[in-house]
Amino acid sequence: MNSRTLVRALLMSAAFAAAGVFLAGCNSDEISLATNAKANQPVSPKLIAAMIEKDMDLQSPILVRLFKQEAELEVWKQNRSGRFEILKTYPICRWSGDLGPKVREGDRQAPEGFYSITPGQMNPQSAYYLSFNTGYPNAFDRALGRSGSELMVHGDCSSRGCYAMTDEQIAEIYSLGRESFFGGQKAFQFQAYPFRMTATNMAKHRNNPNMPFWKMIKEGSDHFEVSHQEPKVDFCEKKYVFDAIRAPNATHDPVFQASAKCPTYSIPEELVDAVREKQQQDEEEYAKLVARGTPVAKLNTGIDGGMNQVFASHLPNGNTGLSDGGEGQGLSLAAFTRAPGTIPGHVNPPRAPWQQDEAVVAVATPAQAQQGTKVASAAPTTQAQQGTKIASAAPTTPPVQQSEGFFSSLARKVGLSSASAETTASTTPPPAPAKSRVADAKPQPKAFKPAATKQAETRQAAARPPFKPVTAEAQPAAVADAAAAPPKDSQVAGSQPIVSANSFESRFSAAK
């Protein structure tokens, strides 16, 4: 990589952000947003270097995937060949609720499913540093009568139904979304999953009542993984439909309504074949895991959400909760990893049911979050010290009873202590079943290559949907000109300070 090219790209990115501030400042109604330095931070040098190495343009489209159990958020970006490739993975500082979709307002659940993030959902004046609204509820959620609002991905590492990152992390993610909008992307897709949709995870959670829903959104995950293209999402008969296009000989495009009967639609045969091959491999591995007696994950654990082990390892009473950092990596190992951002003093890690009563303060208010108010922590847990994974079972040891102090002992002897001051022994929960380790090695499906010569096959309501090919009309100019793309060590396209008259800031909403 050419160092002069990198420096030039960084300078142009900074100039671009400054130009956005200047143009926004021309409108008196936008002065408050124009002076918001948080929303106008340039893309970090490391990310620009990664884009150059991966043949990506600064303003090419992005796509975000998120996994609760692993507590990870991925940002994918389109390269000059038109394929989405992973740019960076961010550990999630805190998410709340349980594995499973959000159902109603106030259930503390973080949403799962496919959502679309427009410029209007980006909030530069968030009470949690920066944020974007996930768009919950979508048409599928509304068709099922699900309720909820202001479900965000934001900073401050504090969650009550949201996905919380550190301020430094959300600043990077926000800047990537901002640049993609400047490049012409009208909305980026946000995919939220309970866990990585592998055969191993599906086997562990096979008794979960949310499994039908998870199998449905796994279809969209499979489409993305075999094609590396953003799946087109529609809804009908209260279910997701992915990549639907017009059926052969049809006179118009299919019209979808979330609660109505599915129309006839078509998908390219090559995508059907690629997805079918992947799913067959997953099903075969799933059957082997079940036959071996793979333990199922514990239901109704009473643990509120999760936290990536990188953060939990840096907290005195850290616990990953329902999150699972992967085989062979516990809190003791994560403790040697630098935390990706500032961890506020009021962070409240996930706790087991018997720990809830011992927490001094559960969650900081937005005002405390802005001021960085420190909140007292609860008693330490045995799991944080041992690196125990809580994805499949509740902690096996209750908090250790504290020894009696001198003054408490004296008061008891002279008869001044009250019954309420006495400490009662906690009931030890049943031990968690042993977690079997299964090798993840498996044959990979064949690489998906669209074949324009094959005819699309017609599908009815229950059919698998289609691959949306990349076309010049659907992509920004920087991607459409991929044939003339410069070598990897050239300047990142899109870093020139060219801003439309209708500034990006004017499209923001003043949400959470």
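You'll find the structure just up there.
Since the model is a prediction, treat every value here as computed from it, not as a measurement.

S.K.: What am I meant to see in the environment of Gly-120 here?
M.R.: Summarising the element assignment, Gly-120 is placed in the loop between strand E5 (113-117) and strand E6 (122-123). In this structure Gly-120 comes out as partly exposed when scored by relative accessible area, which is 24%. A sequence separation of 13 residues divides Gly-120 from Asn-133, and the C-alpha atoms of the two residues are 8.8 Å apart.

S.K.: What is the right way to look at the nonpolar core in this model?
M.R.: Nonpolar side chains in soluble globular proteins tend to be buried together. One finds Leu-73, Phe-190 and Tyr-240 to be the most contacted residues of the largest nonpolar core, which totals 59 residues. When residues of this core are assigned to their parent elements, the largest contribution, six residues, is made by helix H5 (residues 167-182). Filtering out sequence-adjacent residues up to four positions away, Phe-190 remains in contact with Val-64, Leu-66, Gly-113, Phe-114, Tyr-115, Ile-117, Phe-132, Thr-134, Val-153 and Tyr-163. Listed in part, the seven residues of the second largest apolar core include Cys-157, Met-307, Ala-312 and Leu-315.

S.K.: Is there a simple way to explain unusual backbone geometry in this structure?
M.R.: Among all residues save glycine, negative phi is the norm, and among peptide bonds the norm is trans. Between Tyr-136 and the following residue, Pro-137, the backbone shows a cis peptide bond with an omega angle of 0°. Structurally, Pro-137 is set in the loop between strand E7 (131-133) and helix H4 (139-143).

S.K.: I'm lost on the packing of aromatic side chains in this one. Help?
M.R.: The description of two aromatic rings rests on the distance between their centres and on the angle between their planes. Overall, the coordinates contain 16 aromatic pairs when judged by the stated rule. Taking the centre distance of 5.9 Å and the plane angle of 85° together, the rings of Phe-114 and Tyr-193 count as edge-to-face. Of this pair, Phe-114 sits in strand E5 while Tyr-193 sits in strand E10 (residues 188-193); the two residues are 79 residues apart in sequence, bridging distant segments of the chain. Pair check on accessibility: Phe-114 and Tyr-193 agree, each one buried. Pairing Phe-132 with Phe-190 gives two aromatic rings, centres 6.0 Å apart and planes at 80°, and the pair type is edge-to-face. A residue pair is termed long-range when its members are at least 10 positions apart, and Phe-132 in strand E7 and Phe-190 in strand E10 qualify at 58 residues. Assigned by exposure class, Phe-132 and Phe-190 land together as buried. Grouped by ring-pair contacts, the aromatic residues Phe-67, Phe-114, Phe-140, Tyr-193, Phe-213, Phe-235, Tyr-240 and Phe-242 constitute a single cluster. Geometry around Phe-213 places Arg-146 over its ring, the cationic atom sitting 5.7 Å from the centre. Positioned above the aromatic ring of Phe-67 is the side chain of Arg-196, whose terminal nitrogen or guanidinium carbon lies 4.1 Å from the ring centre.

Rules used in this analysis
Residues numbered from 1 in each chain as written. Predicted model: local features only at pLDDT ≥ 70, side-chain atom pairs only at ≥ 80, totals over all residues. Heavy atoms only, no water. Helix = DSSP H or I, 4+ residues; strand = E, 2+ residues; numbered from the N terminus. Buried < 20%, exposed > 50% of the residue type's maximum accessible area, 1.4 Å probe, protein only. Core = buried A, V, L, I, M, F, W, Y, C linked by side-chain atoms within 4.5 Å. Contact = heavy atoms within 4.5 Å. Phe/Tyr/Trp six-rings, centres within 6.5 Å; stacked < 30°, edge-to-face > 60°. Lys NZ or Arg CZ within 6 Å of the ring centre and 35° of its normal.

Geometric descriptors of this kind do not, in isolation, establish any biological role.
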